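Listed here are the chains, written in short residue letters.
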Amino acid sequence: LGWPRRLGAEATLDAMKAEHIILTQHAPAPVGPYSQAVQIGNELYCSGQIPLDPQTGELVEGDVGAQTERVLENLGAVLCAAGCHFAEVIKTTVFLVDINDFAAVNAVYDRYFGATKPARSTVAVAALPRGARVEIDCIART
C-alpha cells in the first residue's frame, strides 16, 4: 500500500476491511442502493434516517419535534441492530429544511443523547426526501 508495514499491520488492515451490513425491520427499509448502516472494524456508519414509520413506510405527520422523535427512534433501531446505543455515537450530522427548527430539534435530540454529547454538524438544506423536515445520520463505535 505504499507505507512501511510493522509486524502484524497486515492483520490489522484485514480486520479494518471486514465489513458487515446492518439491516433491521425496526427501521425503514432502504429505498435506494444503500444500507441502513455499515460496520467496519469497531466503527459503525449509519445512513441518514428520515421520519418514516418503519411499519407503513409513510412519513410521520406532525411538527418537526414529532419528526425528530421518529428519526431518532429509527436511528436507535439501527444502532441496536449493530449492538450499540446512543452512548456509543461519536458524530452526528443533522439536516434541516428550515434552520429555524434548530431549537425544536435540539429539545428532542437532547433527550436521546443526554450527557453523551457527540460531535455534531447541522446543515440547512433545500429539501429532504419524501418532504421530511429533518434527517440525521451518525458514526458510532462498536
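Position numbers for residues start from 1 in each chain and track the written sequence from start to end. Side-chain atom pairs in this predicted model are given and counted only at pLDDT of 80 or more, local residue features only at pLDDT of at least 70, and totals for whole chains, interfaces and linings cover all residues. The side-chain values count all of the structure's non-hydrogen atoms but skip hydrogen atoms and water molecules.

What to know about the nonpolar core
Right, so step 1: Side-chain atoms within 4.5 Å link the members of a nonpolar core, which is a set of buried Ala, Val, Leu, Ile, Met, Phe, Trp, Tyr and Cys residues. The buried label applies to any residue whose accessible area, calculated with a 1.4 Å probe on protein chains only, is under 20% of its type's maximum; exposed applies above 50%, and partly exposed to all values in between. Counting residues in each nonpolar core, the largest one holds 27 residues, and the members touching the most others are Leu-44, Cys-46, Leu-72, Leu-79, Val-134 and Ile-136.
Right, so step 2: A run of H or I in DSSP counts as a helix once it spans at least four residues, and a run of E counts as a strand once it spans at least two, with each numbered from the N terminus. Mapped by element, the contributors of at least two residues to this core are β3 (43–49), α2 (64–81), β4 (89–96), α3 (102–113) and β6 (134–141).
Right, so step 3: If you tally residues by element for this core, the top one is α2, at seven residues.
Right, so step 4: Here a residue-residue contact requires only that any non-hydrogen atoms of the pair lie within 4.5 Å. Setting aside its immediate chain neighbours within four residues, Leu-44 contacts Ile-22, Ala-37, Val-38, Gln-39, Leu-79, Ala-82, Cys-84, Cys-138, Ile-139, Ala-140 and Thr-142.

Comments concerning the packing of aromatic side chains
Right, so step 1: Here a pair means two rings of Phe, Tyr or Trp (six-membered ring of Trp) with centres within 6.5 Å. Their orientation is stacked below 30 degrees between planes, edge-to-face above 60, and tilted elsewhere. For the structure on display, the rule yields three aromatic pairs.
Right, so step 2: Residues Phe-86 and Tyr-112 carry aromatic rings whose centres are separated by 5.4 Å and whose planes lie at 70° to one another, so their mutual orientation is edge-to-face. On the criterion of sequence distance, the pair formed by Phe-86 in the loop between α2 and β4 and Tyr-112 in helix α3 is long-range, its members being 26 residues apart.
Right, so step 3: Judged by centre distance (4.4 Å) and plane angle (35°), the rings of Tyr-109 and Phe-113 are tilted.

A few points about the confidence of the model for the protein chain
Right, so step 1: Known as pLDDT, the predictor's confidence for each residue is given on a scale from 0 to 100. Taken residue by residue, the protein chain gives an average pLDDT of 91. The fraction at 70 or more is 88%.
Right, so step 2: Every residue in residues 1–13 is under pLDDT 50, and counting partners more than four places away or in other chains gives four contacts.

Quick word on the pairing of β6
Right, so step 1: Only strands that DSSP links by at least two bridges are regarded as paired with each other. Two strands pair when backbone bridges link them, and β3 and β6 are joined in this way by five bridges, in the antiparallel orientation. Its bridge partner lying in β6, Tyr-45 is registered against Ile-139.
Right, so step 2: Pairing of β4 with β6, which is carried by seven bridges, proceeds in the antiparallel orientation. The residue of β6 that forms the bridge with Phe-95 is Glu-135.

Regarding α3
Right, so step 1: The span one expects for a helix is its residue count, reduced by one, times 1.5 Å. Across its twelve residues, α3 extends 16 Å between first and last C-alpha, which sits within 8% of the 16 Å expected from 1.5 Å per residue.
Right, so step 2: Three or more residues of α3 are buried, namely Val-105, Val-108, Tyr-109, Tyr-112 and Phe-113. Axial view of α3: buried residues confined to an arc of 130°, hence all on one face. Summarising the geometry of α3, the exposed residues directed more than 90 degrees from the buried face are Ala-103 and Arg-111.
Right, so step 3: Residues of α3 that are buried make contact with α2, β4, β5 (119–124) and β6.
Right, so step 4: Immediately beyond the C-terminal end of α3, within one or two residues, lies Gly-114, with a positive phi of roughly 50°. When we speak of the arc, we mean the arc of directions from the helix axis to the C-beta atoms.

Observations concerning unusual backbone geometry
Right, so step 1: Even without glycine at this site, Lys-117 takes up a positive phi of about 50°.
Right, so step 2: Along the chain, the position of Lys-117 falls in the loop between α3 and β5.
Right, so step 3: With a phi close to 60°, Arg-130 is a non-glycine residue in the positive phi region.
Right, so step 4: Inspection of the secondary structure puts Arg-130 in the loop between β5 and β6.

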